[in-house]
Amino acid sequence: QLSGEIDLCGDVGRNEIGYLPQQTIVQRDFPASVREIVQSGCINRCGLRPFYNKAEKKLAADMMKKLEISDLANRCYRELSGGQQQRVLLARALCAAKKMILLDEPVTGLDPKASAEMYELIADINRSGVTVVMVTHDVSAALKYAGHILCMRQGLTHESWFFGTPEEFLMSSASDFLKGGAVNG
């Protein structure tokens, strides 16, 4: 079993981080509306209040607009395509995020067109000032979009890690396994 600690540095608080997990079959069949799911990203903002206020509802509406899913607001989540579902979950995560978003394999199960659109959305989010930390096996996307890459291979010892820019990665011995391997970064 592995364990560890996460130390938050700077001015990032634990309630300022959004999370987009890998989607499971159970999640894909969730019987809620798009609006309900996106608004649920605001739960930490509510405190002890059992309802969303006007600002939180507006934030959810703004995130749906930003991710071009406003027209889906009243649709049931389980009726959506995989790409639409990922946009909904990303909008939800953005409602929770003030400064950072963690993404776990955000394009798994998406077709190439939907994957490309999702990566562009994530890049736009990053350009807007939100820090993005993403786990992916898609090396080409990491090389294209990442500012830095953490590659962990052949175990969890520091000797098997690489951390640096995409350019440094390509020039390092860590890139040698690209011909037949996968990357987490």
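Residues numbered from 1 in each chain as written. Predicted model: local features only at pLDDT ≥ 70, side-chain atom pairs only at ≥ 80, totals over all residues. Heavy atoms only, no water.

K.L.:
Whenever I open this one, the packing of helix H4 (residues 54-66) against helix H5 (residues 82-96) confuses me. Can you help?
P.N.:
How two helices pack is summed up by the angle between their axes together with the distance between the axes. Where H4 meets H5, the closest approach of the two axes is 9 Å, and the angle between their N-to-C directions is 140°. Between H4 and H5, the crossing angle belongs to the class labelled oblique. Judged by the sense of rotation from one axis to the other, the crossing of H4 with H5 is right-handed. When H4 is examined against H5, the residues Leu59, Ala60 and Met63 are found in contact with a partner set consisting of Ala91, Leu94 and Cys95. (Axes fitted to C-alpha atoms, helices over the stretch in contact; angles between N-to-C directions. Helix = DSSP H or I, 4+ residues; strand = E, 2+ residues; numbered from the N terminus. Parallel < 35°, antiparallel > 145°, perpendicular 65-115°, else oblique. Left-handed = near helix turned anticlockwise from the far one by under 90°. Contact = heavy atoms within 4.5 Å.)

K.L.:
Quick question: what am I supposed to make of the pairing of strand E4 (residues 149-152) here?
P.N.:
Working note: regular strand, side chains alternate between the two faces of the sheet. Burial along E4 is one-sided: the residues Ile149 and Cys151 are buried and none of Leu150 and Met152 is. One ladder, built from 4 bridges, connects E4 with strand E5 (residues 161-164); its direction is antiparallel. Bridge pairing in E5 links Ile149 to Gly164. (Buried < 20%, exposed > 50% of the residue type's maximum accessible area, 1.4 Å probe, protein only. Pairing = 2+ DSSP bridges.)

K.L.:
I'm lost on the pattern of salt bridges in this one. Help?
P.N.:
Note on pairing: side chains with opposite charge can pair once their charged atoms come close. Here the structure, examined in full by the defined rule, presents 7 salt bridges. In this structure, the salt-bridge partner of Glu79 is Arg75, at a minimum N-O distance of 3.9 Å. With a relative accessible area of 33%, Arg75 lands in the partly exposed category. In this structure, the salt-bridge partner of Glu117 is Arg87, at a minimum N-O distance of 3.4 Å. With Glu117 in helix H6 (residues 112-127) and Arg87 in helix H5, the pair connects residues that are 30 residues apart, well separated along the chain. Overall, Glu117 belongs to the partly exposed group, its relative accessible area being 31%. Judged by its relative accessible area of 13%, Arg87 is buried. Taken together, the shared-partner salt bridges connect Glu68, Arg87, Lys113 and Glu117 into one network. (Salt bridge = Lys/Arg side-chain N within 4 Å of Asp/Glu carboxyl O.)

K.L.:
I tried to follow the packing of aromatic side chains on my own but got confused; where do I start?
P.N.:
Two aromatic rings are characterised by how far apart their centres lie and by the angle between their planes. Overall, the coordinates contain 2 aromatic pairs when judged by the stated rule. Ring geometry for Tyr119 versus Tyr145: centroids 5.6 Å apart, planes at 25°, classification stacked. Here the residue Tyr119 occupies a position in helix H6, and Tyr145 occupies one in helix H7 (residues 139-145), the gap between them amounting to 26 residues. Taken together, a centroid distance of 5.4 Å and an interplanar angle of 65° make the contact between Phe162 and Phe169 edge-to-face. (Phe/Tyr/Trp six-rings, centres within 6.5 Å; stacked < 30°, edge-to-face > 60°.)

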